[in-house]
Amino acid sequence: MLMERRDTAPALQIRVYYEDTDAGGVVYYANYLKYFERARTEWLRHLGVDQSQLAKTEGRLFVVKNVEIQYRRPAKLDDELSIQTEVSRLGRASIQFEQSALCGGELLCEATVTVCCVDATSFRPVDLGHTVRNLLSKTD
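Nothing here was measured: the structure is a model prediction, and the numbers come from that model.

Calculation notes
- Throughout, residues of each chain are indexed from 1 in the direction in which the sequence is written.
- In view of the model being predicted, local features appear only for residues whose pLDDT reaches at least 70, and side-chain atom pairs are presented and counted only at 80 or more, with totals across whole chains, interfaces and linings using the full set of residues.
- To obtain the side-chain values, all non-hydrogen atoms of the structure were used and water was disregarded.
- Secondary structure elements are defined from DSSP: runs of H or I of at least 4 residues count as helices, runs of E of at least 2 residues count as strands, and each element is numbered from the N terminus.
- Put simply, the radius of gyration uses C-alpha atoms, and a globule should come to 2.2 Å times the residue count raised to 0.38.
- Accessible area is worked out with a 1.4 Å probe on protein chains only. A residue is then buried under 20% of its type maximum, exposed over 50%, and partly exposed in between.
- Residue contacts follow a heavy-atom distance rule, with two residues in contact if any of their heavy atoms lie within 4.5 Å.
- Calculation of accessible area relied on Shrake-Rupley with a 1.4 Å probe; when residues are assessed, cover is drawn exclusively from the protein chains displayed.
- When charges are counted, Lys and Arg contribute as positive and Asp and Glu as negative, whereas His and the chain ends are disregarded.
- Working definition for charges: the position is that of NZ of Lys, CZ of Arg, CG of Asp or CD of Glu.
- The pairing criterion is simple: DSSP has to find at least two bridges between the two strands.

Asks: Any chance you could explain the overall build of the protein here in plain terms?
Replies: Summing up its helical and strand segments, the protein has 3 helices and 5 strands in all. Computed over its C-alpha atoms, the radius of gyration of the protein comes to 16 Å, within 12% of the 14 Å expected for a compact globule of 140 residues. Looking at the protein as a whole, 39% of its 140 residues are labelled buried. In the protein, once contacts between residues fewer than 6 apart in sequence are set aside, the share between residues at least 24 apart is 68%. A total of about 8,000 Å² of accessible surface is found on the protein, and carbon and sulfur atoms cover 47% of it. Between the centroid of the 18 positive side chains of the protein and the centroid of its 20 negative side chains there is a distance of 5 Å.

What follows is the structure, given as structure tokens:
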């Protein structure tokens, strides 16, 4: 479930490919959710949380409960995006993330994403667990 803990994860760099764009040549709005998902996963992995192992050994999964998103400027084909992730609130069974997509330092999109920890069988909320909570609390 857990790997060696490292310092706070760097931003995830993502290149915009043709498949990411819509008919207008800009990133299709729903793809930002995919970018944010990848960034959260890599952020957790960097901290030492292996979600596959967490599911196997402790029967815990992370699921998205809520997303609030603001689109500011479009990203375009071949842009290199920097996806930044940080925890803004740590609950008993949830984590609230603040995420942003930037291109050349310019804010393109930002979101608040609440993720719940659930039992892998019943999908009912469960405590994050001591080890995960401890790793996440050290990011402050």
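Let's pick the thread back up.
Asks: Would you take a moment to explain the pairing of strand β5 (residues 106-119) for this structure?
Replies: The two faces of a sheet get side chains in turn, since along a regular strand they alternate between them. Pairing analysis gives 11 bridges linking strand β2 (residues 60-71) to β5, with the strands arranged antiparallel. Of the residues in β5, the one forming a bridge with Arg-60 is Asp-119. As defined by bridge partners, strand β4 (residues 94-103) adjoins β5 across 10 bridges and the pair is classed as antiparallel. Along β5, the bridge assignment pairs Glu-98 with Thr-112. In this antiparallel pair of consecutive strands, β4 and β5, the connection spans 2 residues, and Gly-104 shows a positive phi of 60°.

Geometric descriptors of this kind do not, in isolation, establish any biological role.
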